[in-house]
Amino acid sequence: MMNKKMKILLAMGAMAAVVLVSGCGGDAKSGESAAKSGSGIPKVIRVGSETTFPPFEFTKDDKYVGFDLDLADAVIKQMGSQMEFKSMGFDALIPAVQSGQIDLIAAGLDATPEREKQVAFSDPYFTQNGYIIIVRKDNDDIKDWADLEGKNVGAQVGTQQVKLAQEAKAAQVKQLDSNSQAFMELQAKTLDAVVIDQPVGMYYLKQGGDKDLKIVGTSKGANGMVFAVKKENKELQAAVNKALKEIKANGTYDKIFEKWFGKQEKK
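Residues numbered from 1 in each chain as written. Predicted model: local features only at pLDDT ≥ 70, side-chain atom pairs only at ≥ 80, totals over all residues. Heavy atoms only, no water.

### Describing the nonpolar core
Point 1. Of all hydrophobic cores here, the largest spans 44 residues; its most connected members are Phe67, Leu71, Met79 and Phe227.
Point 2. Residues within four places of Phe67 in sequence aside, it is in contact with Pro55, Phe56, Tyr125, Phe126, Tyr253, Ile256, Phe257, Trp260 and Phe261.
Point 3. Grouped together as the second largest cluster of nonpolar side chains are 15 residues, Leu93, Ile102, Leu109 and Val119 included. (Core = buried A, V, L, I, M, F, W, Y, C linked by side-chain atoms within 4.5 Å. Buried < 20%, exposed > 50% of the residue type's maximum accessible area, 1.4 Å probe, protein only. Contact = heavy atoms within 4.5 Å.)

### Some details on empty space enclosed by the protein
Space left empty within the atom packing is revealed by a probe, the size of a water molecule, rolled over the atoms.
Point 1. Under the counting rule described, the total for this entry stands at 1 cavity of 30 Å³ or more.
Point 2. If you go around the largest cavity, the residues you meet are Phe53, Phe90, Ala107, Gly108, Asp110, Arg115, Gln156, Thr159, Gln160, Gln161 and Asp197.
Point 3. For the lining of the largest cavity, the secondary-structure elements that each account for two or more residues are β5 (104-110) and α6 (160-167).
Point 4. Element by element, the count of residues in the lining of the largest cavity is highest for β5, at 3 residues.
Point 5. In the lining of the largest cavity, the residues fall into 3 nonpolar, 5 polar and 3 charged. (1 Å grid on protein atoms, 1.4 Å probe; cavity = no way out; pocket = protein on both sides within 12 Å on 5 of 7 lines; lining within 4 Å. Points joined across faces, edges and corners; volume = space filled by probe spheres on them. Helix = DSSP H or I, 4+ residues; strand = E, 2+ residues; numbered from the N terminus. Nonpolar A, V, L, I, M, F, W, Y, C, P; charged D, E, K, R; others polar.)

### Some words on the sheet that holds strand β11 (residues 213-221)
Within a sheet, adjacent strands bond to each other through the backbone by hydrogen bonds, running parallel or antiparallel.
Point 1. Reading across from one edge, β9-β8-β10-β7-β11 is the order of the 5 strands in this open sheet, with mixed pairing throughout. Lying at the two open borders of the sheet, with one neighbouring strand each, are β9 (172-176) and β11. Going across the sheet, the axis of each strand differs from the next one's by a mean of 25°, ignoring polarity.
Point 2. Relative to strand β10 (residues 193-197), strand β7 (residues 130-136) runs antiparallel, the two being bridged by 4 bridges. Residue pairing in the sheet places Tyr131 in a bridge with Asp197 of β10. (Pairing = 2+ DSSP bridges. Axes fitted to C-alpha atoms, helices over the stretch in contact; angles between N-to-C directions.)

### Considerations on helix α8 (residues 198-206)
Point 1. Of all the residues in α8, the buried ones are Pro199, Val200, Gly201, Tyr203 and Leu205.
Point 2. In the segment just after α8, Gly208 is the residue with positive phi, at about 120°.

### Re the environment of Ala72
Point 1. Among the structural elements, Ala72 can be located in helix α3 (residues 67-78).
Point 2. Ala72 sits in the buried class, given a relative accessible area of 0%.
Point 3. Put simply, Ala72 and Ile45 are 27 residues apart on the chain and 9.8 Å apart in space, counted from C-alpha to C-alpha.
Point 4. Look past the residues within four positions of Ala72 in its chain and what remains in contact with it is Met83, Ala106 and Phe227.

### Here we look at the environment of Ser219
Point 1. Secondary-structure assignment places Ser219 in strand β11.
Point 2. On a C-alpha basis, the gap between Ser219 and Asp197 in space is 9.1 Å, while along the polypeptide they are 22 residues apart.
Point 3. Among the polar contacts listed, one links the side chain of Ser219 to the side chain of Gln198, at a separation of 3.0 Å. (Polar contact = N/O pair within 3.5 Å; in protein donor to acceptor, adjacent residues only side chain to side chain.)

By themselves, these figures tell us nothing about what the structure is for.
Written as structure tokens, this is what we have:
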């Protein structure tokens with residue numbers, strides 16, 4: 001009699017185990033989801049950006065759009081998570097990721113040594129960048145970087161462009177909240193020149209800015225644009241790099257690049 005009861009109990013235990021296994025991983029997606037959760041990568045990645053930086057991130061038809069947003073979304077989907085987007089001032093981004101208010105910065109961030117002390121970088125995702133000078137078309141005094149000495153120069157607050165303008169010995173470096181504000185002041189003649197990221201300047205001129213403005217001088221090199229996460233979050237840093245490699249290999253990156261900049265030149 002005891003043996004029969006034992007067999008019934010064992011059978012019931014086996015059935016419970018089957019239910020438990022099928023409930024956790026009845027299909028491939030559920031299994032993947034459980035694995036992702038166990039990896040420590042959040043299911044929702046909070047992304048922060050400063051949205052006056054076309055074509056990387058800006059507002060169009062009351063929606064946030066841009067190369068960085070499309071790329072961050074693709075990377076996060078490749079990781080098996082979802083993106084939650086937050087718009088904030090550029091100079092607030094690093095403190096926000098440090099404090100845990102956001103998980104990832106996607107804002108055309110240049111990989112400078114100073115920033116690397118504060119946050120952890122992804123691998124570079126955009127290397128066709130540099131810094132240029134834009135002036136009004138009627139300005140024949142400024143032809144290159146040395147000519148910025150003694151001039152009033154605008155640059156976006158918290159960026160490498162501010163440092164470059166200061167190094168060029170500008171009389172005043174006006175730090176502005178957005179690139180669009182810098183262009184407005186340049187056209188209003190309250191600034192002599194603006195120092196800006198090359199792809200941003202080129203995009204702006206293509207949108208009609210070339211009627212009044214022009215690029216002068218040579219482009220100064222940059223270190224490439226990167227995503228950034230909290231310094232201690234090595235797991236998220238590694239996951240972002242892995243996903244970035246995967247979307248470059250499967251053609252997703254090329255499609256996003258072509259959407260915003262045209263076909264990418266293969267070296």
